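Tertiary structure, described
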Amino acid sequence: QVQLVESGGGLVQPGGSLRLSCVVSGVTMSSRAIGWFRQAPGKEREAVSAISRSAGSTYYADSVKGRFTISGVNLKNTVYLQMDNLKPENTAVYYCAMAPRIATFEAYWTDSSRYSYWGQGNQVTVSS
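Attention here is on the structure that accompanies the text. The shown structure was predicted, so the numbers you read here are calculated from the model rather than taken from an experiment. (Residues numbered from 1 in each chain as written. Predicted model: local features only at pLDDT ≥ 70, side-chain atom pairs only at ≥ 80, totals over all residues. Heavy atoms only, no water.)

Concerning the sheet that holds strand β7 (residues 68-71)
Selection rule: Strands are treated as partners if at least two bridges between them are detected by DSSP. Secondary structure counts use DSSP, requiring at least four H or I residues in a row for a helix and at least two E residues in a row for a strand, with both numbered from the N terminus. Orientation is described by lines fitted to C-alpha atoms, with helices fitted over the stretch in contact, and by angles between N-to-C directions that extend from 0 to 180 degrees.
Here we have four strands laid out as an open sheet, ordered β1-β3-β8-β7, and antiparallel in their pairing. Two strands lie at the open edges of the sheet, namely β1 (3-7) and β7, each paired on one side alone. Neighbour-to-neighbour, the strand axes of this sheet turn through a mean angle of 15°, independent of strand direction. As defined by bridge partners, strand β3 (residues 18-25) adjoins strand β8 (residues 78-83) across six bridges and the pair is classed as antiparallel. When the sheet's bridge partners are listed, Ser-21 is paired in β8 with Tyr-80.

Observations concerning the packing of aromatic side chains
In plain terms, the rule: Between the rings of Phe, Tyr and Trp (Trp by its six-membered ring), a pair exists once the centres lie within 6.5 Å; its type follows the angle of the planes, with under 30 degrees stacked, over 60 edge-to-face, and the other angles tilted. Three exposure classes are used, based on accessible area relative to the maximum for each residue type with a 1.4 Å probe and protein chains only: buried under 20%, partly exposed in between, and exposed over 50%. Only lysine NZ and arginine CZ atoms are considered, and such an atom sits over a ring when it is within 6 Å of the ring centre and within 35 degrees of the ring normal.
Under the definition given, this model contains seven aromatic pairs. Ring plane angle 25° and centroid distance 5.9 Å describe the contact between Tyr-59 and Trp-109, whose orientation is recorded as stacked. With Tyr-59 in strand β6 (residues 57-60) and Trp-109 in the loop between α1 (105-108) and β10 (117-118), this residue pair connects regions lying 50 residues apart in the sequence. With centroids separated by 6.5 Å and ring planes inclined at 75°, the aromatic side chains of Tyr-95 and Trp-118 adopt a geometry described as edge-to-face. Placement of the pair is Tyr-95 in strand β9 (residues 92-99) and Trp-118 in strand β10, with a sequence separation of 23 residues. Overall, Trp-118 belongs to the partly exposed group, its relative accessible area being 27%. Aromatic ring contacts, followed pair by pair, group Phe-37, Tyr-59, Tyr-95, Phe-105, Trp-109, Tyr-115 and Trp-118 into a single cluster. Sitting above the plane of the Tyr-80 ring, Arg-19 keeps its charged end 4.2 Å from the centroid.

Observations concerning the state of the cysteines
The test is simple: Cysteine sulfur atoms are paired as a disulfide whenever they come within 2.5 Å of each other.
This model, assessed by the stated rule, comprises one disulfide. Across a sulfur-sulfur distance of 2.1 Å, Cys-22 and Cys-96 are joined as a disulfide pair. Sign of the S-S torsion, about 70° for the bond between Cys-22 and Cys-96, identifies this disulfide as right-handed. Of this pair, Cys-22 sits in strand β3 while Cys-96 sits in strand β9; the two residues are 74 residues apart in sequence, bridging distant segments of the chain. Among the residues examined, Cys-22 registers a relative accessible area of 0% and is labelled buried.

Written out as structure tokens, the structure is:
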């Protein structure tokens, strides 16, 4: 019933931009949070960013601060990840995931085990 669908990925040159979208259906987002994770070939899944509307807070991995921007959750249950100045090392499959309400979300947003539902993933390739 609960479904998360990512879109917006693709092939982009270094220095270019993409905006990923995560559309959530089957559940309201009033007290939940959305995180973005990525997994590159041969590497473990890595937290990229997260947003908690109830807390009014956003979170970013150090590697993407100043280049990526998360926004939402809007009335259509959509969360965006704007990715600017993309680098080849950003190449990965990007996933959005939904977490239940967590009182201390700032301490756990990078923990993938805290997220209950996951999208199917969306490939981002940064190459010249």
